[in-house]
Amino acid sequence: MLRHLTYKIKSTGPITVAEYMKEVLTNPAKGYYVHHDMLGEKGDFITSPEISQIFGELLGIWFVSEWIAAGKNEAFQLVELGPGRGTLMGDILRVFSQLRSVLKNCDISIHLVEVSQKLSNTQALALTEEKTPLERSTESPVYMKGVTKSGLPISWYRDLHDVPQGYSFYLAHEFFDVLPVHKFQKTPQGWREVLVDIDPQVSDKLRFVLAPCATPAEAFIQPDETRDHVEVCPDAGVIIEELSQRIPLTGGAALIADYGHDGTKTDTFRGFCDHQLHDVLIAPGTADLTADVDFSYLRRMAQGKVACLGPIEQHTFLRNMGIDVRLKILLDKSHEPSMRHQLLQGYSMLMSPEKMGERFNFLAFLPHQRLHGGNHQTSAGQSKPSASPVAGFGDLVWR
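Residues numbered from 1 in each chain as written. Predicted model: local features only at pLDDT ≥ 70, side-chain atom pairs only at ≥ 80, totals over all residues. Heavy atoms only, no water.

A. View of the packing of aromatic side chains. Counted by the stated rule, this structure contains eleven aromatic pairs. Between Tyr167 and Phe169, the aromatic rings sit 5.6 Å apart at their centres with planes inclined by 90°, giving edge-to-face as the arrangement. Looking at Tyr167, the relative accessible area reads 12%, which means it is buried. Since its relative accessible area comes to 1%, Phe169 is described here as buried. Here Phe317 and Phe393 contribute two aromatic rings whose centre-to-centre distance is 5.6 Å and whose plane-to-plane angle is 70°, an arrangement assigned as edge-to-face. (Phe/Tyr/Trp six-rings, centres within 6.5 Å; stacked < 30°, edge-to-face > 60°. Buried < 20%, exposed > 50% of the residue type's maximum accessible area, 1.4 Å probe, protein only.)

B. Representation of the nonpolar core in the model. Among the nonpolar cores identified, the biggest contains 56 residues, and Leu59, Trp62, Phe63, Phe76, Leu78, Phe96 and Ile110 are the most heavily contacted of them. When residues in this core are grouped by element, the largest group, eight residues, is from helix H5 (residues 53–69). Residue contacts for Ile110: discarding those within four places in its chain leaves Leu78, Met89, Leu93, Thr148, Leu152, Pro153, Ile154 and Ser155. Of all hydrophobic cores here, the second largest spans 51 residues; its members include Leu81, Ile240, Ile256 and Phe269. (Core = buried A, V, L, I, M, F, W, Y, C linked by side-chain atoms within 4.5 Å. Helix = DSSP H or I, 4+ residues; strand = E, 2+ residues; numbered from the N terminus. Contact = heavy atoms within 4.5 Å.)

C. Fine view of the pairing of strand S12 (residues 252–261). Of all ten residues in S12, ten are buried; the element is thus mostly enclosed. Burial of the side chains of S12 extends over both faces: Gly252, Ala254, Ile256, Asp258 and Gly260 are buried on one face and Ala253, Leu255, Ala257, Tyr259 and His261 on the other. Bridging between strand S7 (residues 168–173) and S12 involves six bridges; their strand directions are parallel. For His173, the partnering residue across the bridge sits in S12 and is Ala257. (Pairing = 2+ DSSP bridges.)

D. Focus on the pattern of salt bridges. What the rule picks out here adds up to 17 salt bridges. The salt bridge involving Asp267 is made with Lys183; its shortest N-O contact spans 2.6 Å. Here Lys183 lies in strand S8 (residues 182–187) and Asp267 lies in the loop between S12 and strand S13 (270–273), a separation of 84 residues in the sequence. Note on Asp267: relative accessible area 51%, which makes it exposed. Across the pair Asp294 and Arg227 runs a salt bridge whose closest N-O atoms are separated by 3.7 Å. (Salt bridge = Lys/Arg side-chain N within 4 Å of Asp/Glu carboxyl O.)

In structure tokens:
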């Protein structure tokens, strides 16, 4: 990967941080996500679903709660962006199975947006019924199809644009933080983009330099920006624009969970290898690269087309969703000391302010009429929505 990058830079000059991230993470030949199992204890980082089943269960309840509050549409698509190993979707589908009596008249389908063939195979192993062979296609936007263990149709896509339009709930958990960012530094001459170049002193070493003049991505910086260093993510803006067009048109909601800030942080670009911080420019392709999500930018890119709730901190969202009640039920059912210890440890990791409790945030996009009651025509098979509070962003109303 280093040889590939140095050749590229020698051929075309210094590259943007966004281009560097894209090459390092998703290059088909050497990309980190293409060839590494980055999740779990043996990987480079652990995500909330890998820590505790409760996390996915509460998200499953959130989608059912929103489906009920919005009028129980006769069908919905559950679309996950970047599903990892499929652990989170597995926990959500288990909740759907347990609530079969509530969902029995609803036609549900699962749609996964995943660029890594390796990860999509891992997801299929975790989620699909072995007896039903997977259908694979290299020509179609749906590159894989199958049936989940609970009998729901499941499809894989490389791009959100390829997912069919329709009443949908969208989930993006630790998805936006790995999208490529452009980095900018304020100078006496104005904003200058941070680029990646070859160190003139050491031919196989990379370094950061500033662009000599303005670059196109500068258009994403707000005119009234007060920080002296900013990171912008055009790819995230494209996805948010797509979601904010789809949700008012066809109904549903989007739930975004990630670590990030509300337009206050500056330099957050970093690498992780073996659960340790790793220099982003050393041994590219061997470590995960990530940057905190700027939630103020996501809200801005929605352009008022949808109602935005949050961001709120993870510990607040999960407490509102009833994590304490769920933990007590699981502890009461568990007689194994090791299992009880695991449950308590997982709870602490998710909720403690020093761990994930305050670092992770939740943001929701909903149709404006969801918050104001039924000031719109309802479709066939959908009862009039109520203007009840949105679960997680207030106390859970539906039990």
